[in-house]
Amino acid sequence: MRHIVDARGTAVSLPDRVGRVVSLVPSLTEWLVVAGVGERLVGVTDWCAEPAGALDGLARVRGTKNPDLAAVRGLEPDLVVANAEENRKLDVQRLEAGGLAVFVTMPTTVAGAVAELRDLAAAVGDLPGAAALDADLVAAVADAYRRRPARRVRYACAVWRDPWMWLGRRAYAADLLALAGGEPVLDDPATRYPKLELETVAGLAPELVLLPSEPYQFGTADAGELAGRFGGARVELVDGRALTWYGPRIPAALAAYRELLEEVA
C-alpha cells in the first residue's frame, strides 16, 4: 500500500498498482487517455467526450454533479478521480465512506494544474505518456510567463445566463487568461463566479467580452445581444473547453487566447 496526497491535503491510500480507474471529470478523462491509462480506465461520466472515439464501450456513471454512486462502486475501482469544482463534496464523501480511494484535484492556476496532474500521475502510476505531457505543459507555462505582455486587455467572461454569472479572478480560467494577456474588469471577493447584471458589467467598460461554449452554450444570438449592450467592446464566442479543461489542451489554449488578446490590444 502507498499514499499520495491530493489537492485537499488528504493522503489517499492506494495499492502498489492501480488496476481500475473511474474518472468523474471530463478534462481529467482526456488527460488519462492521452497519458496512456489504457484499459485500466473502466468508467467515466456522461459528459466525458474526449478524446473522440477513445471512450467507446466504457461504463457511464451519469453526470459530474449526479454520479450514480452504486454504479461507481459496482465497477470496483482502485481509484476514483474527482475535482472539487466539477463534483460535489457529498458524493466524494459517500464514495470514501464506502471504502473507495478518491483523488481530488482543485487547481486555481495553470501552474497549479500542472503540478496537480503530476501528483495524479504518481497516484495512477504506469502512465507511459505522463512524463512527456508534463514536460510539454511545464514548457508552455514557462513560455507564457516569459511572454506576458505589459499591455493587459480588460475583459469580462460570462459563464452563465439567467442569472448572468461571470468569471472572477480566482479561478483556473482567469489565470489562463492572465497568462495570455488578460485583465478581468470585475473581482468579487465573495465568489469566483459573481452574479452581476449586464448593465453592471457593461459599466466597467471591458474591451473584450468572452462567451464560452461551456458550461453554458452561448451562441450567435447571445453575442448579438451583448454587442448591442456593451458599446465598443469586442464580443467573441470562444471554445469553453480550451478555457477550462486543464491537461493536454493547455499549450494550445494559451496560444489561442494570447493570439485573440493580442488582436484586441
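Quick caveat, the model's predicted, so the values are computed rather than measured.

Conventions adopted
Residues numbered from 1 in each chain as written. Predicted model: local features only at pLDDT ≥ 70, side-chain atom pairs only at ≥ 80, totals over all residues. Heavy atoms only, no water. Pairing = 2+ DSSP bridges. Helix = DSSP H or I, 4+ residues; strand = E, 2+ residues; numbered from the N terminus. Right-handed = clockwise from strand over helix to strand, strands pointing away. Axes fitted to C-alpha atoms, helices over the stretch in contact; angles between N-to-C directions. Parallel < 35°, antiparallel > 145°, perpendicular 65-115°, else oblique. Left-handed = near helix turned anticlockwise from the far one by under 90°. Contact = heavy atoms within 4.5 Å. Phe/Tyr/Trp six-rings, centres within 6.5 Å; stacked < 30°, edge-to-face > 60°. Buried < 20%, exposed > 50% of the residue type's maximum accessible area, 1.4 Å probe, protein only.

1. Here's the deal with the pairing of strand 12 (residues 234-238)
1) Next: Examined bridge by bridge, strand 11 (residues 208-212) and strand 12 share 5 bridges and lie parallel to one another. The residue bridging L208 from the neighbouring strand is R234, located in strand 12.
2) Next: Crossover connection from strand 11 via helix 8 (residues 220-229) to parallel strand 12: handedness right-handed.

2. Describing the packing of helix 6 (residues 172-180) against helix 10 (residues 250-264)
Relative placement of two packed helices is described by the angle separating their axes and the distance separating the axes.
1) Next: Where helix 6 contacts helix 10, the axes come no closer than 8 Å and their chain directions differ by 60°. On the basis of the axis angle, helix 6 is oblique to helix 10. Crossing geometry of helix 6 relative to helix 10 is assigned as right-handed. Here helix 6 contributes Y172, L176, L177, L179 and A180 to the contact with helix 10, which in turn contributes I250, A253, L254, Y257, R258 and L261.

3. Here's the deal with the packing of aromatic side chains
1) Next: This model, assessed by the stated rule, comprises 6 aromatic pairs.
2) Next: Ring centres of W160 and Y216 lie 5.3 Å apart, and the angle between their planes is 75°; on these two criteria the pair is classed as edge-to-face. Here W160, found in strand 8 (residues 153-160), pairs with Y216, found in the loop between strand 11 and helix 8; they are 56 residues apart in sequence, far enough to count as distant.
3) Next: For W160, a relative accessible area of 34% corresponds to the partly exposed category.
4) Next: Overall, the relative accessible area of 22% leaves Y216 in the partly exposed class.
5) Next: Taking the centre distance of 5.6 Å and the plane angle of 20° together, the rings of W164 and W166 count as stacked.

4. Focus: the environment of L137
1) Next: Residue placement: L137 occurs in helix 5 (residues 130-147).
2) Next: Residue classification places L137 among the buried positions, given a relative accessible area of 3%.
3) Next: Residues L137 and G247, spaced 110 residues apart in sequence, show a C-alpha to C-alpha distance of 7.9 Å.

As far as function goes, none of this settles anything; it's purely spatial.
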